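# Understanding the architecture of this molecule
Residues per chain, in single letters:
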Amino acid sequence: MVKCKICERDAANEYCELHKKAHENVVLMYEKWKGAMDILWKEYLNEVAENPYTGSWAKEVVRHLSRKEGK
């Protein structure tokens with residue numbers, strides 16, 4: 001068993017179950033945003049991170065993805 005890249009909980013892959021679901025939702029919603037407006041991945045991540053209605057699990061995933069993008 002590996003550890004979640006975000007919170008160190010047990011994980012089957014990169015994320016624990018909670019962050020895995022949040023990651024899936026972040027990716028799914030990007031497809032919807034992209035279909036509605038011309039937005040790049042990095043811009044989308046920034047918008048999600050700044051949105052006061054974004055949940056804490058999703059914000060943690062977005063911060064993790066943003067750091068990965070910066071490398």
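Look above for the structure.
Note that the structure is predicted; figures quoted are calculated from it, not measured.

Along the backbone of the protein chain there are 3 helices and 2 strands. Taken from N to C terminus, the helices and strands of the protein chain fall in the order β-β-α-α-α. Relative to a compact globule of 71 residues, whose C-alpha radius of gyration would be 11 Å, the protein chain shows 12 Å and is just as compact. Taken along the three principal axes of its C-alpha coordinates, the protein chain extends 40 × 25 × 20 Å. Within the protein chain, buried positions represent 25% of all 71 residues. Counting contacts in the protein chain only where the partners sit at least 6 residues apart, residues at least 24 apart contribute 34% of the total. Summing over all exposed atoms, the protein chain offers an accessible surface of approximately 5,100 Å²; the carbon and sulfur share of this is 52%. When the 13 positive and 12 negative side-chain charges of the protein chain are each reduced to one mean point, those points stand 4 Å apart.

This paragraph deals with the side chain of His64. With respect to the secondary-structure elements, His64 resides in helix 3 (residues 56–70). Looking at His64, its side chain comes within polar contact range of the side chain of Glu14, at 3.4 Å. Dropping the residues within four chain positions of it, His64 is found in contact with Lys5, Ile6, Glu14 and Tyr15.

A few words on the packing of aromatic side chains. Under the criterion given, the structure shown has 4 aromatic pairs. Ring geometry for Tyr30 and Tyr44: centres 5.1 Å apart, planes at 50 degrees, overall tilted. Here Tyr30 is found in helix 1 (residues 17–36), whereas its partner Tyr44 is found in helix 2 (residues 41–50), with 14 residues between them in sequence. Under the relative-accessibility criterion, Tyr30 is labelled buried at 9%.

What helix 2 keeps buried is the set Tyr44, Leu45 and Val48. What you see down the axis of helix 2 is that its buried residues fit within an arc of 100 degrees, all on one side. In helix 2, the exposed positions that point more than 90 degrees away from the buried face belong to Lys42 and Glu50. Close packing links the buried residues of helix 2 with helix 1 and helix 3.

On to the pattern of salt bridges, then. The tally for this structure, following the rule as stated, stands at 2 salt bridges. Between Asp10 and Lys3 there is a salt bridge, with the nearest N and O atoms lying 2.9 Å from each other. Of the residues examined, Asp10 reaches a relative accessible area of 48% and is grouped as partly exposed. The partly exposed category is assigned to Lys3, whose relative accessible area is 45%. Residues Glu14 and Lys68 are paired through a salt bridge, measuring 3.1 Å at the closest nitrogen-oxygen approach. One end of the pair, Glu14, is in the loop between strand 2 (10–11) and helix 1; the other, Lys68, is in helix 3, with 54 residues separating them in the sequence.

About the criteria used
- Residues numbered from 1 in each chain as written.
- Predicted model: local features only at pLDDT ≥ 70, side-chain atom pairs only at ≥ 80, totals over all residues.
- Heavy atoms only, no water.
- Helix = DSSP H or I, 4+ residues; strand = E, 2+ residues; numbered from the N terminus.
- Rg over C-alpha atoms; globule rule 2.2 N^0.38 Å.
- Buried < 20%, exposed > 50% of the residue type's maximum accessible area, 1.4 Å probe, protein only.
- Contact = heavy atoms within 4.5 Å.
- Areas by Shrake-Rupley, 256 points an atom, 1.4 Å probe, with all protein chains shown as cover.
- Lys, Arg positive; Asp, Glu negative; His and termini not counted.
- Charge placed at Lys NZ, Arg CZ, Asp CG, Glu CD.
- Polar contact = N/O pair within 3.5 Å; in protein donor to acceptor, adjacent residues only side chain to side chain.
- Phe/Tyr/Trp six-rings, centres within 6.5 Å; stacked < 30°, edge-to-face > 60°.
- Arc of directions from axis to C-beta.
- Salt bridge = Lys/Arg side-chain N within 4 Å of Asp/Glu carboxyl O.

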